[in-house]
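Residues per chain, in single letters:
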Amino acid sequence: MDLHMSEDFQIVAIDGGAASGKSSTARGVAGAAHFLHVDTGSHYRAVTLRALGEGLRPVGGPALEHFLAGLRFETEVRGNCACLRLNGVVPDAADIRSDAVNAAVSAFAALPAVRKAVRTYQRDQAAVARTHGFRGLVMDGRDIGTVIFPDADLKIYLEADASTRAARRKDEGQTDTIDDRDRIDSTRATAPLAAAPDAVRIDNSNIPLGGVVEEVLRLLRQGASATGASRATEPR
Ligand code: DC
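It should be emphasised that the depicted structure is a prediction, and the values quoted were computed from it without experimental measurement.

Engineer: Talk me through the overall build of the chain; I want residue IDs and the actual numbers.
Structural biologist: Check the secondary structure of the chain and you find 11 helices and 7 strands. Projected onto its principal axes, the C-alpha positions of the chain cover 60 × 40 × 30 Å. Counting all 236 residues of the chain, 46% fall into the buried class. Put simply, of all contacts in the chain between residues at least 6 apart along the chain, 79% involve residues at least 24 apart. Summed over all atoms, the accessible surface of the chain reaches about 11,300 Å², with 52% contributed by carbon and sulfur. Between the centroid of the 29 positive side chains of the chain and the centroid of its 31 negative side chains there is a distance of 2 Å.

Engineer: Go over the side chain of Arg 115, please, and point to the residues and values.
Structural biologist: Relative to the helices and strands, Arg 115 resides in helix 6 (residues 112-123). A polar side-chain atom of Arg 115 sits 3.1 Å from a polar atom in the side chain of Tyr 44. Apart from the residues within four sequence positions on either side, Arg 115 is in contact with Tyr 44, Ala 109, Asp 143, Arg 188, Thr 190 and Ala 191.

Engineer: So what's going on with the pattern of salt bridges? Which residues, and what values?
Structural biologist: Considering all chains together, one arrives at 14 salt bridges under this definition. In this structure, the salt-bridge partner of Glu 74 is Arg 72, at a minimum N-O distance of 3.8 Å. Residue classification places Arg 72 among the partly exposed residues on the basis of a relative accessible area of 44%. Asp 198 is the salt-bridge partner of Lys 155, the closest N and O atoms lying 3.1 Å from each other. Of this pair, Lys 155 sits in strand 6 (residues 154-159) while Asp 198 sits in the loop between helix 10 (178-187) and strand 7 (200-203); the two residues are 43 residues apart in sequence, bridging distant segments of the chain.

Engineer: Describe empty space enclosed by the protein, with residues and values.
Structural biologist: In the structure shown here, the tally under the stated rule is 2 cavities of 30 Å³ or more. Estimates place the volume of the largest cavity at around 50 Å³. Lining the largest cavity, in full, are Tyr 44, Arg 115, Arg 119, Asp 143, Val 147, Ile 148, Thr 190 and Ala 191. Taken together, the elements giving at least two residues each to the lining of the largest cavity come down to helix 6 and helix 8 (144-148). As for the second largest cavity, its lining consists of Asp 15, Gly 145, Thr 146, Lys 155, Ile 156, Tyr 157, Ala 194, Ala 195, Ala 196 and Ala 199. Sorting elements by how many residues they give to the lining of the second largest cavity places strand 6 first, with 3 residues. Taken together, the residues of the lining of the second largest cavity sort by class into 6 nonpolar, 2 polar and 2 charged.

Engineer: Outline the site of the ligand, listing residues and values.
Structural biologist: In the vicinity of the ligand, 17 residues are found, and the nearest of them are Arg 45, Arg 115, Arg 181, Asp 185 and Arg 188. Contact distances for the ligand include 2.9 Å between an oxygen atom and a side-chain N or O atom of Arg 142. In the complex, the protein chains occlude 98% of the 450 Å² of accessible area that the ligand would expose alone. A majority-of-atoms criterion places the ligand in the largest pocket.

Engineer: Tell me about unusual backbone geometry, residues and numbers included.
Structural biologist: Despite not being glycine, Ala 19 shows a phi value in the positive range, around 60°. One non-glycine residue, Asn 87, lies in the positive phi region at around 50°. In this structure, Asn 87 sits in the loop between strand 4 (81-86) and helix 4 (93-96).

Engineer: I'd like a description of the layout of surface pockets, backed by residues and values.
Structural biologist: If you add up the space inside the largest pocket, you get close to 590 Å³. Ala 19, Lys 22, Ser 23, Arg 97 and Arg 169 are, among the 36 residues lining the largest pocket, the residues nearest its centre. Going through the elements one at a time, helix 1 (22-33), helix 2 (40-53), helix 5 (99-109), strand 5 (136-141), helix 9 (162-171), helix 10 and helix 11 (209-233) are the ones with two or more residues in the lining of the largest pocket. One number sums up the size of the second largest pocket: a volume of about 330 Å³.

Calculation criteria
Residues numbered from 1 in each chain as written. Predicted model: local features only at pLDDT ≥ 70, side-chain atom pairs only at ≥ 80, totals over all residues. Heavy atoms only, no water. Helix = DSSP H or I, 4+ residues; strand = E, 2+ residues; numbered from the N terminus. Buried < 20%, exposed > 50% of the residue type's maximum accessible area, 1.4 Å probe, protein only. Contact = heavy atoms within 4.5 Å. Areas by Shrake-Rupley, 256 points an atom, 1.4 Å probe, with all protein chains shown as cover. Lys, Arg positive; Asp, Glu negative; His and termini not counted. Charge placed at Lys NZ, Arg CZ, Asp CG, Glu CD. Polar contact = N/O pair within 3.5 Å; in protein donor to acceptor, adjacent residues only side chain to side chain. Salt bridge = Lys/Arg side-chain N within 4 Å of Asp/Glu carboxyl O. 1 Å grid on protein atoms, 1.4 Å probe; cavity = no way out; pocket = protein on both sides within 12 Å on 5 of 7 lines; lining within 4 Å. Points joined across faces, edges and corners; volume = space filled by probe spheres on them. Nonpolar A, V, L, I, M, F, W, Y, C, P; charged D, E, K, R; others polar. Near = heavy atom within 4 Å. Sits in = over half its atoms within 2 Å of the grid points.

Written out as structure tokens, the structure is:
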């Protein structure tokens, strides 16, 4: 597909609550636009899985600091996906989506020390994408448009009604405490789940995935041509 986009590298931030369709949308956009996709939820999940394995509880303090200081964050690019390699291992997808991780991840992700530990790694993903020859980066999470890339070229905030989101998790065979996670994620003090003021809100309750991906690609094209237009009219 010819997107008629500018040659400039672009960053798309997609935020939203649990099961709002962020990762599926981001994956679709990445495939169509030759962008690198980064699912930041998987970062918090991988850290949580490892912390639980070491018997840690989600509280700040020396034990948590010691644990975080021992983490090594690297990226393994698989197709369009940037997978986190934590201390030399890309964790198994099923393990980071287990009931135990679902139940604990929001509490770990609310800890300022945990957020600080992943922040630089997440911002560095733009350089990873450029190095691997991608035309852009599409990152999904809760604070991408507000904290990680506040200057993103395009910010999307995805929403879906509660029954649609619950049905999605059921279809995936997952038991997930969506409401509890959304409550913790949106009320925490550090980098809460929030729509950036300049985000485009899309309610995808009644739009199929392909339609949402097309809409994001359309907004990207529009943004690219708007940038081109403003450049063309700039005084020399
Ligand atoms: O996207 P997900 O449901 O896999 O995310 C799992 C948890 O990770 C989510 O409940 C909160 C946390 N998270 C976060 O705090 N900030 C992000 N940018 C992404 C995820």
